[in-house]
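The residues making up each chain are set out below.
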Amino acid sequence: MENTKKKKTSVSEFVIVVLVVVCAFLIVADMTTNLIEELDTQESQVISKEAIGTVRPAVRPTYPPNYTPPPVSEANN
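Residues numbered from 1 in each chain as written. Predicted model: local features only at pLDDT ≥ 70, side-chain atom pairs only at ≥ 80, totals over all residues. Heavy atoms only, no water.

Q: In this structure, what is going on with the overall build of the protein? I would like to understand it.
A: When helices and strands are counted, the protein shows 2 helices and 0 strands. A total of 77 residues make up the protein; the buried ones form 0% of that total. In the form shown here, the protein has an accessible surface area of approximately 8,200 Å², with 63% of it arising from carbon and sulfur atoms. (Helix = DSSP H or I, 4+ residues; strand = E, 2+ residues; numbered from the N terminus. Buried < 20%, exposed > 50% of the residue type's maximum accessible area, 1.4 Å probe, protein only. Areas by Shrake-Rupley, 256 points an atom, 1.4 Å probe, with all protein chains shown as cover.)

Q: Teacher, can you tell me more about a negative patch on the surface here?
A: A surface patch of like charges, here negative, comprises Asp 30, Glu 37, Glu 38 and Asp 40. With respect to the helices and strands, the residue Glu 37 is situated in helix H1 (residues 2-44). Assessed through its relative accessible area of 48%, Glu 37 is described here as partly exposed. (Patch = residues over 30% accessible without salt bridge, like charges linked within 9 Å, V, L, I, M, F, W, Y side chains within 5 Å. Salt bridge = Lys/Arg side-chain N within 4 Å of Asp/Glu carboxyl O. Lys, Arg positive; Asp, Glu negative; His and termini not counted. Charge placed at Lys NZ, Arg CZ, Asp CG, Glu CD.)

Q: Explain the packing of aromatic side chains here, please?
A: Any pair of aromatic rings gets described here by the distance separating the centres and the angle formed by the planes. Enumeration over the complete set of coordinates arrives at 1 aromatic pair. Their ring planes at 10° and their centres at 4.3 Å tell us that Tyr 63 and Tyr 67 sit as a pair that is stacked. (Phe/Tyr/Trp six-rings, centres within 6.5 Å; stacked < 30°, edge-to-face > 60°.)

Q: Hey, could you run me through a nonpolar patch on the surface in this one?
A: A surface patch of nonpolar side chains, about 780 Å² in accessible area, is lined by Val 11, Phe 14, Val 15, Val 18, Leu 19, Val 22, Phe 25 and Leu 26. Relative to the helices and strands, Phe 14 resides in helix H1.

Shown next, in the form of C-alpha cells:
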C-alpha cells in the first residue's frame, strides 16, 4: 500500500511541475510574440516631420521703459 501512495504522489508532483513549465513557456512565448509585433509596427508607422516655427507665449503689451505711473490721486479722478 505504501508504494502505491508514494507512486501517486510522485506522479502528481511530476504532472504539476510539467504544467507549471508548460504555462511558463506559453507566457514567455506570448510576451515575445507581442514584443516582436510591437517593434514591427513601430518601424512601419508614418512619422510626420513639419517645420514648426518658434512657439512663443501670448504676451500682453507692456508699458515703455520710461513710463512713470501718475500719482494715485490723479488716477482715481
